[in-house]
Amino acid sequence: MNLIKRAINRLFTKPGKAELSRPIATPSLTGIRQPWHNTISRGVTPTQLASWLSAADLGDADAYLSLAEEMEERDPHYVSVLSTRKRAVLGLPRLVESASDDAADVRLADAVRDALLTPALSGLLSGLLDALGKGYSAVELVWDTTITPWVPAYIWRDPRFFRYDRETGQTLRLLDTSNAYDGIDLPPYRFIVHQPRLKMGLPIRGGLARLCAAGHVCALYALEDWLAFAEVFGMPLRLGRYSSAASEDDKAKLKAAVSGLGADAAAVLHESMQIEFQAAASGAGGSDLYERLLDNLHKLVSKAVLGRSDAADATAGKLGNATDSMQVRQDILESDAEELSQTINEQLVRPFIDLNFGPQDRYPVLKLHVPDQEDLTGLVDMLAKLVPLGLRVEQSVIRDKWGLPDPAKDAELLGAPTPPAPPTPADSTKPATNRALNRADPAAPDPTAPLVDRLGTEAEPLIETLLEPVRKALEDSADLMDFREKLLELYPEMDGKAFAELMGQALAVADAQGQWEA
């Protein structure tokens, strides 16, 4: 019953100018929304991780959200793949489409395009995409009501300033001193809340940080053990030897010298003493073990975030290197773009229209366009052949495939070039002076055809004679450089005089054939 009342109040309560232009979720040093938080993930154990995730399931997500933030600070691989997924969405073209071709709908689309397609939109999208890791993200809208139309400023708010309602775990509420336990309802037109549907269930359990948290902790343990292993087995064993006549003082000096060699790399000993350096044992493959473990953990994180694991094991300079591999799978990118576009249209475009132009039956759409992976060149070739035959294709469909916006009315448009005027036909009753007499009879045979056939027959054995030693050198060569040296040795011995004479005859025949066809 309480949820129904809250929904009705939010639906029929329209805020005034003062409320729209006043920030709400501001942090303070003494209030419940504090800007400073202690680091918790240093030395985290599996038991602590399990307790933080369990607390988040029950509505207290502060520790989990702190862990999610610190994972982006301490895990280079996680932050790399997560940033790749975010930037893939941020790099998409942004288009505004009107609800219809009616003049009123077009004016609304133009207003949205002019007011919202600004550089500030990139900051808004970056803030909302923080929800990929944590499960949700909230950006406060502070409206500038001194200008027309009213436009909002975007302020990302710490997710720890919010809490899901205790009844359903689906509605986000703002922590406030008036209700520090459950929080208060988010006022209408004041917040954009993005909740990616990466999985069904409670939104707080849908973030990628929760999925990758166990791998993050395992990677921390693996890296710590690998460093300890390198410290022990990465240096040779220093073995000191002393004679039977050495005193206790001599033994103490030898021990100090052996210990100091690790850092000082210098020591002074009596001639009766000696120090030996022995190579350390491999530790039963420990180095490879830790490396393989970290690689596998990174692959799992890459699969979870990017939908593919080749980003974790790419090698720079080879086919499929890191630059080419760090890409998001196409279906994941399309889903992220669609969900974010839906959030923007419901919680930004619609409030902007309602506050400035009043409620509408239809609203324009701001779309993050994902270019099709189809063969657009082949599509153009197909249209060039079928449209002249009568195929009717809507221009807006083709523009959408290329990610091109609709042209403005007064825009300068590209068009097909004007075809040149056809040449004036020559008078067939007057013989042209440059027309060969043999062209008067199209059925006349080509007089050079027998010469071409004879030259082809004579050229074949000459080419085989020239290529035979080259083939032999290639078969006997160990590598490319060896083959190069053999070719340099063969060149002075090769006799191409007969082949050169044949080529001269071929050029003469080609010239005669060209004159006959002119």
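Residues numbered from 1 in each chain as written. Predicted model: local features only at pLDDT ≥ 70, side-chain atom pairs only at ≥ 80, totals over all residues. Heavy atoms only, no water.

Undergrad: Would you mind showing me how to read the sheet that holds strand 2 (residues 137–144) here?
TA: Backbone-to-backbone hydrogen bonds join strands into a sheet, with any given pair of strands oriented parallel or antiparallel. Ordered in space as 3-2-7, the three strands form an open sheet in which the pairing is antiparallel. Pairing within the sheet leaves two strands with one partner each, and these edge strands are strand 3 (151–157) and strand 7 (191–194). Adjacent strand axes in the sheet meet at a mean angle of 25 degrees when their direction is disregarded. With seven bridges joining them, strand 2 and strand 3 adopt antiparallel strand pairing. By the bridge assignment, V142 is partnered in strand 3 with A153. (Pairing = 2+ DSSP bridges. Helix = DSSP H or I, 4+ residues; strand = E, 2+ residues; numbered from the N terminus. Axes fitted to C-alpha atoms, helices over the stretch in contact; angles between N-to-C directions.)

Undergrad: Is there a simple way to explain the environment of F483 in this structure?
TA: Turning to its location among the elements, F483 is positioned in helix 17 (residues 480–490). Since its relative accessible area comes to 16%, F483 is described here as buried. Spatially, the C-alpha atoms of F483 and V470 are 9.1 Å apart, while their sequence positions differ by 13 residues. Apart from the residues lying within four places of it in its own chain, the contact partners of F483 are V470, A473, L474 and S477. (Buried < 20%, exposed > 50% of the residue type's maximum accessible area, 1.4 Å probe, protein only. Contact = heavy atoms within 4.5 Å.)

Undergrad: What is the right way to read helix 3 (residues 46–57) from this model?
TA: Since one α-helical turn is 3.6 residues long, residues separated by three or four positions face the same way. In a regular helix each residue adds 1.5 Å, so 12 residues correspond to 16 Å; helix 3 covers 17 Å between its end C-alpha atoms and thus fits that length. Every buried residue of helix 3 is listed here: L49, W52, L53 and A56. For helix 3, the arc enclosing every buried residue in end-on projection is 95 degrees, short of the 170-degree limit, so these residues lie on one face. The positive-phi residue at the C-terminal boundary of helix 3 is G59, with phi of around 110 degrees. (Expected span 1.5 Å × (residues − 1). Arc of directions from axis to C-beta.)

Undergrad: I would appreciate a short explanation of the sheet that holds strand 6 (residues 179–184) in the present structure.
TA: Pairing in this open sheet of three strands is antiparallel, and the strands run 4-5-6 from one edge to the other. Whereas interior strands pair on both sides, the edge strands pair on one side only; in this sheet they are strand 4 (162–164) and strand 6. The sheet shows a mean angle of 45 degrees between the axes of neighbouring strands, taken without regard to direction. Of the pairings in the sheet, the one linking strand 4 to strand 5 (residues 172–176) comprises three bridges and is antiparallel in character. Each bridged residue has a counterpart across the sheet, and for Y164 the counterpart in strand 5 is L172.

Undergrad: Can you help me understand the packing of helix 3 against helix 4 (residues 62–74) in this one?
TA: Angle between the axes and distance between the axes are the two parameters that describe a pair of packed helices. Closest axis-to-axis distance for the helix 3/helix 4 pair is 7 Å, and the angle between their directions is 120 degrees. Considering the angle they form, helix 3 stands oblique to helix 4. Between helix 3, through L49, W52, L53 and A56, and helix 4, the contact on the second element is made entirely by A63, Y64 and L67. Within the contact of helix 3 with helix 4, the residues separate by chemical class into seven nonpolar, no polar and no charged. (Parallel < 35°, antiparallel > 145°, perpendicular 65-115°, else oblique. Nonpolar A, V, L, I, M, F, W, Y, C, P; charged D, E, K, R; others polar.)

Undergrad: Teacher, can you tell me more about unusual backbone geometry here?
TA: Trans is the common state for peptide bonds, and a negative phi is the common state for residues other than glycine. Going from T148 to P149, the amide bond is cis rather than trans, its omega being -5 degrees. As for its position among the elements, P149 is in the loop between strand 2 and strand 3. Non-glycine residue Y189 carries a positive phi angle of around 65 degrees. Mapped onto the elements of the fold, Y189 is located in the loop between strand 6 and strand 7. Of the residues examined, Y189 reaches a relative accessible area of 22% and is grouped as partly exposed.

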